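Coordinate inspection notes
The residues making up each chain are set out below.
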Amino acid sequence: MVLKVASWNVNSLNVRLPHVLQWLDSEKPDIVGLQETKLQDEKFPYRAFVDQGYEAVYSGQKTYNGVALLAKQGHELRKVLTDIPNMEDPQRRIIAAEIAGIRILNLYVVNGQAVGTDKYDYKLDWLERVTAFIEADMKKYPKYMIMGDFNIAPDDADVHDPEAWKDQILCSSPERAALDGIKELGFKDTFRLFEQKPQSFSWWDYRAAAFRRNIGLRIDLLLASDQLATSCTGSWVDREPRTWERPSDHAPVICEFDLADFTQSS
DNA sequence: ATGGTGGTAGGACCA
């Protein structure tokens, strides 16, 4: 059983719905996490996804943030959760479900604005609380994926100009240490399990023709628990939707698993 | 790369 999993910051699902539907039609992923939907739940285009062959759960708000999980019909979404213990946050950045026997946690990590700001402190605190949640939650799910817009470039290899970005937001050591703290619970960055082209990014600023010049960062990640990672057969960035008219500033990231060795538990 | 754009709004904020 091949399972194709993707994560995409769509920067307004209202604007990007046609892109997402077209992309689902061509790529046919089994599981998709969306971030920055920017839609209240009552405005979520649930019917459009059902018509496309997907079940959806979502947690949104007006103007900012908002996350959703899609699963191809036939994969049930169970144990859905949009809030975690010890964090009362009106910002809708978290959604988790159990799909095909795998725990899927979809995150829109706080951006943080700039090192040293209140938003930066909120980011680090938010990551600490999410990490504590994962540590407890993963005891129940040996097969566990954390996906999303992490707003952290894990390493200098994920940055177009590491010198310019040194100690800046998305690249600072405390942010990277927070990401390492999650990985040290027992997760692999699936992208780095495979040989990749240098200068592979998932986000390019809208300004300064950054995409054309490949001035970007890799901040959209698919982390798989160690047990799951052994079944990962590929992980890549799909740059194509970033070339479409009026695109999101992020490209979708995708990974595939061959779960033939596992007994199907859904 | 330090806002040159874009989204949500309908001015300012967020990224």
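Residues numbered from 1 in each chain as written. Chains lettered and ligands numbered in written order. Predicted model: local features only at pLDDT ≥ 70, side-chain atom pairs only at ≥ 80, totals over all residues. Heavy atoms only, no water.

Notes on the overall build of chain A
- If you tally the helices and strands in chain A, you get 7 helices and 14 strands.
- In terms of overall size, chain A behaves like a compact globule, its C-alpha atoms giving a radius of gyration of 17 Å where 266 residues would be expected to give roughly 18 Å. (Helix = DSSP H or I, 4+ residues; strand = E, 2+ residues; numbered from the N terminus. Rg over C-alpha atoms; globule rule 2.2 N^0.38 Å.)

So, the sheet that holds strand E9 (residues 187–189)
- Taken together, the 6 strands give an open sheet; going across it, the order is E5-E6-E7-E8-E12-E9, and neighbouring strands pair in mixed fashion. Bordering the open sheet on either side are strand E5 (78–81) and E9, each of which pairs with just one other strand. Within this sheet the neighbouring strands show an average axis-to-axis angle of 15 degrees, counted without direction.
- Of the pairings in the sheet, the one linking strand E6 (residues 94–99) to strand E7 (residues 102–108) comprises 6 bridges and is antiparallel in character. Considered in E7, the bridge of Ile 99 is made with Ile 102.
- Against the sheet, helix H3 (residues 118–137) touches E5, E6, E7, strand E8 (144–149) and E9, its axis set at about 175 degrees to E7. (Pairing = 2+ DSSP bridges. Axes fitted to C-alpha atoms, helices over the stretch in contact; angles between N-to-C directions. Contact = heavy atoms within 4.5 Å.)

Overview of H3
- The end-to-end C-alpha distance of H3 is 28 Å, a good match for the 28 Å that 20 residues give at a rise of 1.5 Å each.
- Taken as a whole, H3 has its buried residues at Tyr 120, Lys 123, Trp 126, Leu 127, Val 130, Thr 131, Phe 133, Ile 134 and Asp 137. The arc enclosing the buried residues of H3, seen along the axis, measures out at 165 degrees, which places them on a common side. Seen from the buried face of H3, the exposed residues on the opposite side, beyond 90 degrees, are Asp 118 and Glu 128.
- Tucked inside the fold, the buried residues of H3 contact E5, E6, E7, E8, helix H5 (173–183) and E9. (Expected span 1.5 Å × (residues − 1). Buried < 20%, exposed > 50% of the residue type's maximum accessible area, 1.4 Å probe, protein only. Arc of directions from axis to C-beta.)

A word on the packing of aromatic side chains
- Evaluation of the coordinates by the stated rule reveals 7 aromatic pairs.
- Between Tyr 144 and Phe 187 the ring centres are 5.6 Å apart and the planes differ by 80 degrees, which places this aromatic pair in the edge-to-face class. With a gap of 43 residues between them, Tyr 144 in strand E8 and Phe 187 in strand E9 connect regions that are remote in the sequence. The exposure classification of Tyr 144 matches that of Phe 187, with both residues buried. (Phe/Tyr/Trp six-rings, centres within 6.5 Å; stacked < 30°, edge-to-face > 60°.)

Considerations on the environment of Glu 76
- Counting through the fold element by element, Glu 76 comes out in the loop between strand E4 (67–72) and E5.
- For the pair Glu 76 and Asn 86, spaced 10 residues apart in sequence, the C-alpha to C-alpha distance is 28 Å.
- Discounting residues that sit within four places of it in the chain, Glu 76 has contacts with Glu 98, Ile 99 and Ala 100.
- A distance of 3.4 Å separates the side chain of Glu 76 from the side chain of Arg 78, its partner in a polar contact. (Polar contact = N/O pair within 3.5 Å; in protein donor to acceptor, adjacent residues only side chain to side chain.)

What about the environment of Tyr 54?
- Structurally, Tyr 54 can be placed in strand E3 (residues 54–59).
- On the accessibility criterion, Tyr 54 (3% relative accessible area) is buried.
- Distance from Tyr 54 to Asp 118, taken between C-alpha atoms, is 38 Å for residues 64 residues apart in sequence.
- The residues contacting Tyr 54, other than those within four sequence positions of it, are Leu 24, Lys 28, Pro 29, Asp 30, Phe 49, Leu 70, Ala 71, Lys 72 and Gln 73.
- Looking at Tyr 54, its side chain comes within polar contact range of the main-chain oxygen of Pro 29, at 2.6 Å.

Side note on unusual backbone geometry
- Although it is not a glycine, Glu 36 sits at a positive phi angle of roughly 55 degrees.
- Mapped onto the secondary structure, Glu 36 falls in the loop between strand E2 (31–35) and helix H2 (46–52).
- A relative accessible area of 14% places Glu 36 in the buried class.
- Positive phi, normally seen in glycine, also occurs at Thr 63, with a value near 75 degrees.
- Position of Thr 63 among the secondary structure elements: in the loop between E3 and E4.

Some points on the side chain of Asp 249
- Tracing the chain through its elements places Asp 249 in the loop between helix H7 (240–243) and strand E14 (253–258).
- For the buried Asp 249, which has no salt bridge, the nearest side chain bearing the opposite charge is Arg 16, at an N-O separation of 6.1 Å.
- Here the side chain of Asp 249 touches Trp 203 through a polar contact of 3.2 Å, side chain to side chain.
- With residues up to four places along the chain from it excluded, the contact list for Asp 249 reads Asn 11, Ser 202, Trp 203, Trp 204, Tyr 206 and Arg 242. (Lys, Arg positive; Asp, Glu negative; His and termini not counted. Salt bridge = Lys/Arg side-chain N within 4 Å of Asp/Glu carboxyl O.)

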